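These are the residues of each chain, in order.
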Amino acid sequence: MGRPMALNLVRAGTPLVVWNRTRGRCDPLREAGAEVAGSAGEVFRKAGTVILMLADETAVDTVLGRGTPDFAARVAGRTVVHMGTTSPEYSAALEDAVRAAGGAYAEAPVSGSRVPAEQGRLVAMLAGDAAAAAAVRPLLAPMCREAFDCGAVPGALLMKLSVNLFLITQVTGLTEAFHFADRHGLDRRRFLDVLDAGPMASAVSRMKAPKLLARDFAVQAAAADVLKNNRLIAQAARRAGLASPLLDVCHALFDETVAGGHGDEDMVAVLRALEARTGAATPGAPADDDRP
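Residues numbered from 1 in each chain as written. Predicted model: local features only at pLDDT ≥ 70, side-chain atom pairs only at ≥ 80, totals over all residues. Heavy atoms only, no water.

The name given to the protein in an unreviewed UniProt entry is 2-hydroxy-3-oxopropionate reductase, with the source organism recorded as Streptomyces caelestis. UniProt, in its Sequence similarities (unreviewed entry) section for the protein, records the words "Belongs to the HIBADH-related family." (UniProt positions renumbered as here; feature names shortened; annotations may be inferred.)

Written out as structure tokens, the structure reads:
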């Protein structure tokens, strides 16, 4: 996600200093005109606004030097923009730490996978104090087709988790419906054509349906990342005392998908978990009750 987002920034003329722990991944950015830093610390020394698009909380803390003397030196006088997906509680605590060290902080998680990232058509959710949000908003334009204000931190991350809850249940439902049609001997392409012509069609179904038909599990959004998001949503639901029955079923299915060795495949690989459950079921076994 980070590389196509950064490419869109530099192509829009944004002066950019970039760093990745795997240095070779910065080569396309260097060729596009970005400066490649030798370390994360160098980025903070050279940039007034630092965008973090990192895998998890541990990675964010490592890059920031949080818990070390480097942290205050890195963030003081700078705006830190957290664009990854972490727990809302983590982000709120990070904002407190950054502000206490003399920096500014904004959340700007995005909705969308690799293809929208390449096209500059992500949807951003922006949270932070008014000054930080206003400073960050122009930087989102080359990467995102829209950016929505979500109030104070962690409002943007809570919004992202809400959106991802719908995405996870939507794609799992599409995959289960495809599996159902397939195992009843229906023409799978015709099933998808009927779906696409009706009111349930969406940008997501139009992106994922061809992958199901072709058994194309090349990554747009990895199953392991979906499982991580599922856990974050479930934790937020439990803390708020909320029921999340659909999410809980999806959680189990993605857990099985990743445990089966398919975490690096696209989220439609949840089909593999459904197929495994079907294979383990007794043919013709009655349902849990007699309701149709």
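Considerations on helix H12 (residues 223-239)
Its 17 residues place the ends of H12 24 Å apart at the C-alpha level, agreeing with the 24 Å of an ideal helix rising 1.5 Å per residue. Among all positions in H12, only Ala223, Val226, Leu227, Asn229, Asn230, Leu232, Ile233, Ala234, Ala236 and Ala237 are buried. In this structure, the buried side of H12 is in contact with helix H9 (155-183) and helix H13 (245-262). Gly241 lies just past H12 and shows a positive phi near 70°. (Helix = DSSP H or I, 4+ residues; strand = E, 2+ residues; numbered from the N terminus. Expected span 1.5 Å × (residues − 1). Buried < 20%, exposed > 50% of the residue type's maximum accessible area, 1.4 Å probe, protein only. Contact = heavy atoms within 4.5 Å.)

Here's the deal with the packing of H9 against helix H10 (residues 188-197)
At a minimum axis distance of 9 Å, the contact between H9 and H10 shows a crossing angle of 135°. Relative to H10, the element H9 is oriented oblique. The way H9 lies across H10 gives a crossing that is right-handed. Across from Leu174, Ala177, Phe178, Ala181 and Asp182 in H9, the residues of H10 making contact are Arg188, Phe191, Leu192 and Leu195. In terms of residue class, the contact of H9 with H10 is made up of seven nonpolar, no polar and two charged. (Axes fitted to C-alpha atoms, helices over the stretch in contact; angles between N-to-C directions. Parallel < 35°, antiparallel > 145°, perpendicular 65-115°, else oblique. Left-handed = near helix turned anticlockwise from the far one by under 90°. Nonpolar A, V, L, I, M, F, W, Y, C, P; charged D, E, K, R; others polar.)

Remarks on the confidence of the model for the protein
Do not read the predicted coordinates in detail wherever pLDDT is low. Considering every residue of the protein, the mean pLDDT works out to 94; 96% of them sit at 70 or more. For residues 285-292, every residue scores under 50 in pLDDT, and the model assigns this stretch zero contacts once sequence neighbours within four places are set aside. (pLDDT = per-residue confidence, 0-100.)

A look at the pairing of strand S3 (residues 49-52)
If a strand is regular, its side chains alternate between the two faces of the sheet. Burial along S3 is one-sided: Val50 and Leu52 are buried, while Thr49 and Ile51, pointing the other way, are not. Across four bridges, S3 lies against strand S4 (residues 79-82) in parallel orientation. In the strand pairing of S4, Thr49 is matched with Thr79. (Pairing = 2+ DSSP bridges.)

Focus on the UniProt feature "domain: 3-hydroxyisobutyrate dehydrogenase-like NAD-binding" (unreviewed entry) in the protein
If you check UniProt for "domain: 3-hydroxyisobutyrate dehydrogenase-like NAD-binding" (unreviewed entry), the listed places come out as residues 159-274 in our numbering. Taken end to end, residues 159-274 has its terminal C-alpha atoms 29 Å apart, with 75% of it in helix and 0% in strand.

What to know about unusual backbone geometry
With an omega of 10°, the peptide bond between Val153 and Pro154 qualifies as cis. Phi at Arg215 is positive, roughly 50°, even though this residue is not glycine. Arg215 sits in the partly exposed class, given a relative accessible area of 38%.

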